[in-house]
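Structure at a glance
What follows is the residue order along each chain.
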Amino acid sequence: MANPNSLPLHERFEHKNTLHKVMEFIILFLLLSLLVYRLLSFNNNGFTWLIAFLCELSFTFNWIITINNKWNIVEYKTYPDRLLQRVAEHELPPVDMFVTTADPELEPPIITINTVLSLLALDYPADKLACYVSDDGCSPLTFYSLVEASKFAKLWVPFCKKYDVQVRAPFRYFSNNNTMFSGNKSNEFKREWKTLKDEYEQLSRKVVDAVGTSIPFDLSGDFAVFSDIEGNNHPTIIKVVWENKVGASNGLPHLVYISREKRPKHPHHSKAGAMNVLTRVSGLMTNAPFMLNVDCDMLVNNPNMMFHAMCMLLGSKNETENAFVQFPQTFYDGLKDDPFGNQMTVVWKYAGRGISGIQGPFYLGTGCVHRRKVIYGLSPNDVKGTNGKPELHKTFGNSQEFIKSADDALRGKTKYPDMLSKSMEAAHQVGDCGYEYDTNWGKKVGWMYGSRTEDILTGLSIHKRGWRSIICSPDPPAFQGCAPTGGPASMTQQKRWATGLLEILLSKNCPIFHTIFANLKFRMFLAYFWVFSWALRSVPELCYAALPAYSIITNTHFLPKGQEPTYYIPIALFVLYHVYTLSEYLQTGLSIRAWWNNQRMGRIIPMSAWLFGVVGVILKLSGRSETVFEVTRKDQSTSTDEGTEAGTFTFDKSPVFVPPTTILLVHLTALATALFGLQPPAHDGLRSGPLEVVCSVWLVLCLWPFLKGLFGAGKYGIPSSTIFKSAGFTLLFYTLCTNMCPL
Ligand SMILES: O=c1ccn([C@@H]2O[C@H](COP(=O)(O)OP(=O)(O)O[C@H]3O[C@H](CO)[C@@H](O)[C@H](O)[C@H]3O)[C@@H](O)[C@H]2O)c(=O)[nH]1
Ligand SMILES: [Mn+2]
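Residues numbered from 1 in each chain as written. Chains lettered and ligands numbered in written order. Predicted model: local features only at pLDDT ≥ 70, side-chain atom pairs only at ≥ 80, totals over all residues. Heavy atoms only, no water.

In the neighbourhood of ligand 1, 24 residues make up the surrounding shell, with D136, K271, E454, R496 and T632 lying closest. Here A102 contributes a backbone N or O atom positioned 3.2 Å from an oxygen atom of ligand 1. Within the side chain of E454, an N or O atom sits 2.7 Å from an oxygen atom of ligand 1. Coverage of ligand 1 by the protein chains reaches 95% of its 690 Å² of free accessible surface. Listing elements by their share of the shell around ligand 1, those giving two or more residues are β3 (95-101), α9 (270-285), α16 (454-463) and α17 (487-505). Among the elements that make up the shell around ligand 1, the one with the highest residue count is α17 (three residues). Looking at the shell around ligand 1 residue by residue, the class counts come to six nonpolar, nine polar and nine charged. (Near = heavy atom within 4 Å. Polar contact = N/O pair within 3.5 Å; in protein donor to acceptor, adjacent residues only side chain to side chain. Areas by Shrake-Rupley, 256 points an atom, 1.4 Å probe, with all protein chains shown as cover. Helix = DSSP H or I, 4+ residues; strand = E, 2+ residues; numbered from the N terminus. Nonpolar A, V, L, I, M, F, W, Y, C, P; charged D, E, K, R; others polar.)

What follows is the structure in structure tokens.
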């Protein structure tokens, strides 16, 4: 038998995907042919031709990047058994685990504590873990829920380990009654299961009741610090909810509550700021060499996830390989057929794993294990230690205790203080809102500031130093979170991403500089460019969507005419592109419906949320608005609560819904014009043809949720103010079209 020490802890596999590559090249060839055709026939046509050419140029460029992203699709297999044969349990490295929450209303504490409980119950020695919860809402409710959860954890964690429970977030476990309770289970199990279920029900009732009352408990004792404070104006609050004092490996990990200092007018840098405080406080208390971070809704779904992560981090030949391990985001109770196109299964399968084959996956902000050293600014070249980096205080701030701990971390020394409370004073100091003044936090070390998508920016700052990252997709998936449900929540999220990503592209962090002056690979630059330019894509999308309507109303054409052989280029493109995307969905095991929903959202999101991303960045650059991080609403369960209505598109008064509604009305107008023969006479036989009508009908189909929304009521209807605005824009468009002499 092979020596376990010689076997790799993880292996890499590449996917050939030849058929897809062939299709990609045919599509590219067709796109290029269309561009050449436009150039050659430019003189006979005018303005519409120019617009169409520019849009198609941008689509072609985007397609080239898509091919780049999917070129080396890789997958890894991890071998936790080999890890456990090689490394004794007490030699496993410690990990600090971070959970962020910001708003007890949008992120109900019951969800946060489920995430925390699932982390506390991880299959990993408990004395090697510490869980830090950052509460940017500074809510006594969150603290109270954590205290109650820690009491429940004393029963829950041993139960999970004893019976090897797979889903360790109690609300998920108990919602699955039938499957969990089926099979040959001992009486002892059944008894314990019932007790646990009762206990969990009590816990969740307490938490939910506390949320329901305005003053849930008297703010004395441990809660006194929460009296007379506001969410945005309070000192640092740090509470050790539970300390594993004896260092028992089968006990409960440490659990610490942190609400960093906030003062009005003091920038707090949203999640990035919270992550940096977590990094510092944990550095003082436990200083683990690895840090796992999850959003408050990201439950552990595979209790072995930490072993899988360690197979990636310890399994590399040396420390210069992988800076972080990213687990893909998957979602629990995802709505059937992904009506809002936000589960991103296919994007992950192809683009995500393809980018992983370049320099490694992007950092996605949750479900990721980082090396502390890398977060402290280390490059692959100086991995051997810093040899006393000069001016550590300039980098890390003025806390002597923290500088010492950072220095230890950079040198690979890990020594735990015996008691968490010993570092309390220093921990409060590093939680101050002024602590980072004149330091490198957010600039060179920690989570980076300057974008609403701090995750991608932080990942970029790591890749640019030459680090690789690695994707890990164990089965079952490591984490499951909740995907936003409904139109408004999806739009908020997409708008924030589009804005945040464009912010980076237009800043000094534009990835091209990192390719020229630092160590970002060129193909990785293209991959970053692909996400950073999401918002910008809204412009060609909108223009191209307006072209068929313009052509029909003015009785001109923007696509080749029937008598030309080039007529077949757009037809072939349309068919092949959709066959290509459909095949991706079918190969992933998803339905045609899921494909259609995603195609549809692929048209709707650019012309709504991404367009507002551009607006957001323009406002920010012109100094007219501040960067805000709008938190996405999280629901505990989605698919069962609302029955058939769950997948129906919902709307609110937000202006993001105006452009798609306008495009819909514009196309309905255009189709009506054609149907009732109201088009003006055509010049020189250049009339609009069937292709323009097909495009128009296709867009109406894509905007079907909006068509339904025109007639829907309540949240299922588009608000009348939005409809009025859109009708106004449609009238303007129509008037402009009819007054413009067709060129
Ligand atoms: O001021 C803030 C704002 C947010 N958060 C936390 O940040 C996390 C992500 O926020 P959410 O509203 O869930 O955003 P999503 O769009 O779902 O998150 C994705 O996109 C974000 C960047 O836009 C990343 O930070 C996330 O990790 C990634 O999952 C949550 O745990 C929040 O509690 C804070 O701690 N402080
Ligand atoms: Mn989220």
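Continuing now.
Moving on to the pattern of salt bridges. Using the criterion set out here, one finds 28 salt bridges in the structure. For D123, the salt bridge identified is with R168, shortest N-O distance 3.2 Å. Residue D123 is located in the loop between α4 (109-120) and β4 (129-135), and its partner R168 is located in the loop between α5 (140-162) and α6 (170-175); the two are separated by 45 residues in the primary sequence. Given the relative accessible area of 2%, R168 is considered buried. Notably, a salt bridge pairs R168 with D164, separated by 3.5 Å at the nearest N-O pair. A cluster of three or more residues bridged by salt bridges with shared partners is formed by D123, D164 and R168. (Salt bridge = Lys/Arg side-chain N within 4 Å of Asp/Glu carboxyl O. Buried < 20%, exposed > 50% of the residue type's maximum accessible area, 1.4 Å probe, protein only.)

One pair of aromatic rings is described through two measures. These are the centre distance and the angle between the planes. By the definition in use, this model includes 53 aromatic pairs. Ring geometry for F59 and Y544: centres 5.2 Å apart, planes at 90°, overall edge-to-face. Of the two residues, F59 is situated in helix α2 (residues 47-70) and Y544 in helix α20 (residues 538-554); the sequence distance between them amounts to 485 residues. Considering the side-chain rings of F324 and Y363, the 5.9 Å spacing of their centres and the 65° angle between planes classify their relative orientation as edge-to-face. Taken together, the residues span a long stretch of sequence, with F324 in strand β9 (residues 322-326) and Y363 in the loop between α11 (345-356) and β10 (368-371) at a distance of 39 residues. Comparing F324 with Y363, the two get one shared label, buried. What links up through ring pairs into an aromatic cluster is the set F152, W156, F159, Y163, Y173, F174, F189, W193 and Y200. For the cation-ring pair, R82 lies above Y79, with the distance from its terminal atom to the ring centre recorded as 3.8 Å. (Phe/Tyr/Trp six-rings, centres within 6.5 Å; stacked < 30°, edge-to-face > 60°. Lys NZ or Arg CZ within 6 Å of the ring centre and 35° of its normal.)

What follows concerns the nonpolar core. Counting residues in each nonpolar core, the largest one holds 136 residues, and the members touching the most others are W156, L292, M305 and M306. The dominant element in this core, judged by the number of residues it contributes, is α5, at 11 residues. Setting aside residues up to four positions removed in sequence, M305 forms contacts with L122, L292, V300, F327, V369, A478 and F479. In terms of nonpolar packing, the next biggest core, distinct from the first, is built from 41 residues, A272, M275, M291 and W447 among them. (Core = buried A, V, L, I, M, F, W, Y, C linked by side-chain atoms within 4.5 Å. Contact = heavy atoms within 4.5 Å.)

Attention shifts here to the side chain of S150. Position of S150 among the secondary structure elements: in helix α5. Within polar-contact distance, the side chain of S150 engages the backbone oxygen of V147 at 2.8 Å. Those residues within four positions of S150 in sequence are excluded, and the remaining contacts are V241, L252 and L255.

Let us now look at empty space enclosed by the protein. Applying the stated rule across the entire model yields two cavities of 30 Å³ or more. Counted as a void, the second largest cavity has a volume near 40 Å³. Mapped by element, the contributors of at least two residues to the lining of the second largest cavity are α1 (18-40) and α21 (568-587). In terms of residue count, the dominant contributor to the lining of the second largest cavity is α1 (three residues). Class assignment for the residues of the lining of the second largest cavity results in three nonpolar, two polar and four charged. (1 Å grid on protein atoms, 1.4 Å probe; cavity = no way out; pocket = protein on both sides within 12 Å on 5 of 7 lines; lining within 4 Å. Points joined across faces, edges and corners; volume = space filled by probe spheres on them.)

Let us look at α9. In a regular helix each residue adds 1.5 Å, so 16 residues correspond to 22 Å; α9 covers 23 Å between its end C-alpha atoms and thus fits that length. A large share of α9 lies buried, amounting to 16 of its 16 residues. (Expected span 1.5 Å × (residues − 1).)

The UniProt entry lists D136 and D455 under the feature "active site" (unreviewed entry), expressed in the numbering used here. Structurally, the position occupied by D136 is in the loop between β4 and α5. Overall, D136 belongs to the buried group, its relative accessible area being 10%. Once residues within four sequence positions are removed from consideration, D136 is found in contact with T101, A102, G231, R260, K262, S270 and A274. For D455, the position within the fold is in helix α16. Using a relative accessible area of 13% as the deciding quantity, one classes D455 as buried. (UniProt positions renumbered as here; feature names shortened; annotations may be inferred.)

Here the focus is the sheet that holds strand β11 (residues 468-471). Judged by pairing direction, the sheet is mixed, and its eight strands sit side by side in the order β5-β6-β4-β3-β7-β10-β9-β11 without closing on themselves. The sheet is open, and its two edges are formed by β5 (237-242) and β11, each paired on a single side. Shown here is a sheet whose adjacent strand axes are inclined to one another by a mean of 20°, direction ignored. Packing of α4 onto the sheet brings it into contact with β3, β4, β6 (254-259) and β7 (290-295), and relative to β3 it is tilted by some 170°. Against the sheet, α16 engages β9, β10 and β11, with an angle of about 150° to β9. (Pairing = 2+ DSSP bridges. Axes fitted to C-alpha atoms, helices over the stretch in contact; angles between N-to-C directions.)

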